[in-house]
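Working through the structure, step by step
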Amino acid sequence: MAVKKSVKPSQIKTFSIENLRYLFGVSEPERDWPQSIAWAIVTTAVMLTFAVVVNQWIGRTIHWDWVVMFGSIAFIGLSVGRKARIL
């Protein structure tokens, strides 16, 4: 279990990688952005490919505006989570 360091309450309200690491109790060093982004690209591509294949199997139409929106959200979330070592 990681030891949480002392942080002022006003600092917790600020969105940053360091605050995410503190809130999840991660004490390991950060990952590099290129590694985190590459991992997020691969993971997002696999998720979207799975969604497209499953929707075609069940005979549903893909709404690409939704795919773009949720794919972008997933990519950003996975990148930040991987950088902060919470994923």
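Residues numbered from 1 in each chain as written. Predicted model: local features only at pLDDT ≥ 70, side-chain atom pairs only at ≥ 80, totals over all residues. Heavy atoms only, no water.

Brief notes about the overall build of the chain
Worth spelling out the cut-off: We count a stretch as a helix when DSSP gives it H or I for four or more residues in a row; a strand needs E for two or more, and each element gets its number in order from the N terminus. Burial status follows relative accessibility: with a 1.4 Å probe on protein chains alone, a residue under 20% of its type maximum counts as buried, one over 50% as exposed, and anything between as partly exposed. Any pair of residues with heavy atoms lying within 4.5 Å of one another is described as a contacting pair. Only the protein chains shown count as cover for residues, with accessible areas throughout obtained via the Shrake-Rupley method and a probe of 1.4 Å.
On a plain count of helices and strands, the chain comes out with 4 helices and 0 strands. Secondary structure elements in the chain, listed N-terminal to C-terminal, are α-α-α-α. Taken across its 87 residues, the chain has 29% of its residues classed as buried. In the chain, 62% of the contacts between residues at least 6 apart in sequence involve partners at least 24 apart. With the model as given, the accessible surface of the chain reaches about 6500 Å², and the carbon-plus-sulfur share is 67%.

Digging into helix 4 (residues 64-83)
For clarity, the threshold we go by: A helix is expected to reach a length of 1.5 Å times the quantity of its residues less one.
When the terminal C-alpha atoms of helix 4 are compared, their 28 Å separation across 20 residues agrees well with the 28 Å that a helix rising 1.5 Å per residue should span. Turning to helix 4, its buried residues are Val67, Gly71, Ala74, Leu78, Ser79, Val80, Gly81, Arg82 and Lys83. Those residues of helix 4 that are buried are in contact with helix 2 (17-23) and helix 3 (33-57). One or two steps after helix 4, the chain reaches Arg85, where phi turns positive at roughly 65°.

Description of unusual backbone geometry
Although it is not a glycine, Arg85 adopts a positive phi angle of roughly 65°. The residue Arg85 is located in the segment after helix 4 in this model. Owing to a relative accessible area of 27%, Arg85 belongs among the partly exposed residues under this scheme.

Quick word on the confidence of the model for the chain
To be explicit about the condition: Confidence scores per residue from the predictor, reported as pLDDT, run from 0 to 100.
Within the chain, residue pLDDT values average 78, and 83% of them lie at 70 or more. Element-level mean pLDDT values for the chain span from 56 in helix 1 (residues 9-12) up to 88 in helix 3.

Some remarks on the environment of Ala84
Tracing the sequence through the fold places Ala84 in the segment after helix 4. Judged by relative accessible area, Ala84 falls into the buried class, the value being 0%. Between the C-alpha atoms of Ala84 and Glu30, which are 54 residues apart in sequence, the distance is 5.9 Å. Setting aside its immediate chain neighbours within four residues, Ala84 contacts Ile17, Leu20, Arg21 and Val26.

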